[in-house]
Amino acid sequence: MKSTLGFVFFCFVLTAYYIYIPLPHTISEPWKLMMLDATFRGVQHLGNLAHSLGLSHHIRVLNFAVTFFGMLSPTSSEGVRVTDTVFDGVQVRVFEATRGSDSELKRSVVYIHGGGWSLGSARMQSYDYLCRKMAEDLNAVVVSVDYRLAPEVHFPEQYNDAYLGTKHFLLPEVLAKYSVDPNRVAVSGDSAGGNLAAAVSQQLALDSSVTNKPKLQSLIYPVLQALDFNTPSYQQNRDVPILYRPLMVKFWLEYLNGDPSFIHSLLVNNHTSLDLSQVATSREKVNWTSLLPSALKKNYMPVVQATGTPKVIQEVPALLDVRAAPLIADEDVLKLLPQTYVLTCEHDVLRDDGIMYARRLEQAGIRVTHDHYEDGFHGCMIFGLWPTYFSIGIQTMHNYIKWLDQNL
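Residues numbered from 1 in each chain as written. Predicted model: local features only at pLDDT ≥ 70, side-chain atom pairs only at ≥ 80, totals over all residues. Heavy atoms only, no water.

A. Inspection of the overall build of the chain at higher detail. Regarding its fold elements, the chain presents 17 helices and 10 strands. For the chain, whose C-alpha radius of gyration is 21 Å, the value lies close to the compact-globule estimate of 22 Å for 408 residues. When its C-alpha atoms are laid out on the principal axes, the chain stretches across 75 × 60 × 45 Å. Within the chain, buried positions represent 57% of all 408 residues. In the chain, the share of contacts with a sequence separation of at least 24, taken over all contacts with a separation of at least 6, comes to 75%. With an accessible surface of roughly 17300 Å², the chain has 57% of that area assigned to carbon and sulfur atoms. Across the chain, 33 positive and 39 negative side-chain charges occur, with their mean positions spaced 2 Å apart. (Helix = DSSP H or I, 4+ residues; strand = E, 2+ residues; numbered from the N terminus. Rg over C-alpha atoms; globule rule 2.2 N^0.38 Å. Buried < 20%, exposed > 50% of the residue type's maximum accessible area, 1.4 Å probe, protein only. Contact = heavy atoms within 4.5 Å. Areas by Shrake-Rupley, 256 points an atom, 1.4 Å probe, with all protein chains shown as cover. Lys, Arg positive; Asp, Glu negative; His and termini not counted. Charge placed at Lys NZ, Arg CZ, Asp CG, Glu CD.)

Structure representation (structure tokens):
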């Protein structure tokens, strides 16, 4: 009996040790976040084990775990009609509010889900819930783009899917089919989806063949650059779940089909050293010392290497491609963009990406609403329903939809 109790106690202590991580006191519901993070880390460890044994790619294992229990068929409700269809070869899920007459033109949101360009789906419960809620609350048509993922495809295919699907929806005949007001369309996304939404918005602004331009873009804790992994938010939040700094670098390399051995070079900014002349112009566009307010700079110092690793840029040139890194777009492009909403979270490595983009847009004359959450963490908005219910998820989702309602 004593040995059994001792074993149980040992297992309890071991589990508690694995779950517990020190978190900032201002973060929302820390113990709940620790439990979520422990589950996520556990799946990552299983994925890494399967990868090392040659059983499966670690991303496939992670995506299987993320989506296995939460994939939903297109189920309509009293207020929203839901259908799966294809826009120019791209899978999409369409949520149509049924309130009002058939002749009434509705607002619309094209939504692009997050997941590091390699996880998630428009058919996941969390994104189905979000898009269904948007359609109902806004009395709108919401198009959720189910783009292809890494490791099956790499950049620029995720971008191409997002762009082609959005561009097809903006065709006059398609908007008319769904009774959408062509002057009231927004492009939106979270995390990697925010990256794709920003890149899509830039290209739509430049594409003369697109006659119906989006009225708004709304970006939820977007990832927007891969040139500086030592911004203040990357330094401050390197060990804060659920998006750890090395994990974000891994997602970038998977998306851009880069060699995993480059992880260390990216983490120390060897790929943007001063001796690499081809990086100079882009590096200045992510210069946080001039783009961030003093309150966020704190005592952090820029990490700029005198000499670096030119092989990284040579083998992964997409690091300098504006379609992958919208923050490095020229100001002439930014001037063409629509009114913008940017949501950022204090406890997120990507905080400064969003804030720098908001600042660059303001400098280009674009009207920007920056919505910042001191207790927020990366991914919080999709954790607004059971079993991963966070109050900050409800709050961010409510305010995001409220902004769309007031501006779209």
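B. Quick look at the packing of aromatic side chains. Taken as a whole, this structure holds 15 aromatic pairs when the rule is applied. Look at Tyr159 and Tyr163: their rings are 6.0 Å apart centre to centre, the planes differ by 15 degrees, and that puts the pair in the stacked class. Separated by four residues within a single helix, Tyr159 and Tyr163 lie in helix α5 (residues 157-169), roughly one turn from each other. Assessed through its relative accessible area of 4%, Tyr159 is described here as buried. For Tyr163, a relative accessible area of 8% corresponds to the buried category. Ring centres of Phe377 and Phe390 lie 5.1 Å apart, and the angle between their planes is 70 degrees; on these two criteria the pair is classed as edge-to-face. Of this pair, Phe377 sits in strand β8 (residues 368-377) while Phe390 is found in the loop between β10 (388-389) and α17 (391-407), placing the two residues 13 residues apart along the sequence. An aromatic cluster is defined as three or more aromatic residues linked by ring pairs; in this entry it consists of Trp117, Phe155, Trp252 and Tyr255. (Phe/Tyr/Trp six-rings, centres within 6.5 Å; stacked < 30°, edge-to-face > 60°.)

C. Geometry of the packing of α5 against helix α7 (residues 192-206). The N-to-C vectors of α5 and α7 enclose an angle of 55 degrees; their axes lie 10 Å apart at closest approach. With respect to their mutual orientation, α5 and α7 come out oblique. Relative to α7, α5 is oriented so that their crossing is right-handed. Taking contact as the criterion, the partners of Gln158, Tyr159, Ala162, Tyr163 and Thr166 in α5 are, on α7, Leu196, Ala199, Val200, Gln203 and Leu204. Taken together, the residues of the contact of α5 with α7 sort by class into seven nonpolar, three polar and no charged. (Axes fitted to C-alpha atoms, helices over the stretch in contact; angles between N-to-C directions. Parallel < 35°, antiparallel > 145°, perpendicular 65-115°, else oblique. Left-handed = near helix turned anticlockwise from the far one by under 90°. Nonpolar A, V, L, I, M, F, W, Y, C, P; charged D, E, K, R; others polar.)

D. Structural view of the side chain of Gln339. Relative to the helices and strands, Gln339 is located in strand β7 (residues 339-347). In this structure Gln339 comes out as buried when scored by relative accessible area, which is 16%. For Gln339, the residues in contact, after removing those within four places along its chain, are Lys215, Leu216, Gln217, Ile366, Arg367, Trp403 and Asn407.

E. Spotlight on the environment of Arg283. Positionally, Arg283 belongs in helix α11 (residues 280-285). Separated by 11 residues in sequence, Arg283 and Thr272 place their C-alpha atoms 7.1 Å apart. Apart from residues lying up to four places away in sequence, Arg283 is in contact with Leu227, Thr272, Ser273, Leu274 and Leu276. Polar side-chain contacts of Arg283 include one of 2.9 Å to the backbone oxygen of Thr272. (Polar contact = N/O pair within 3.5 Å; in protein donor to acceptor, adjacent residues only side chain to side chain.)

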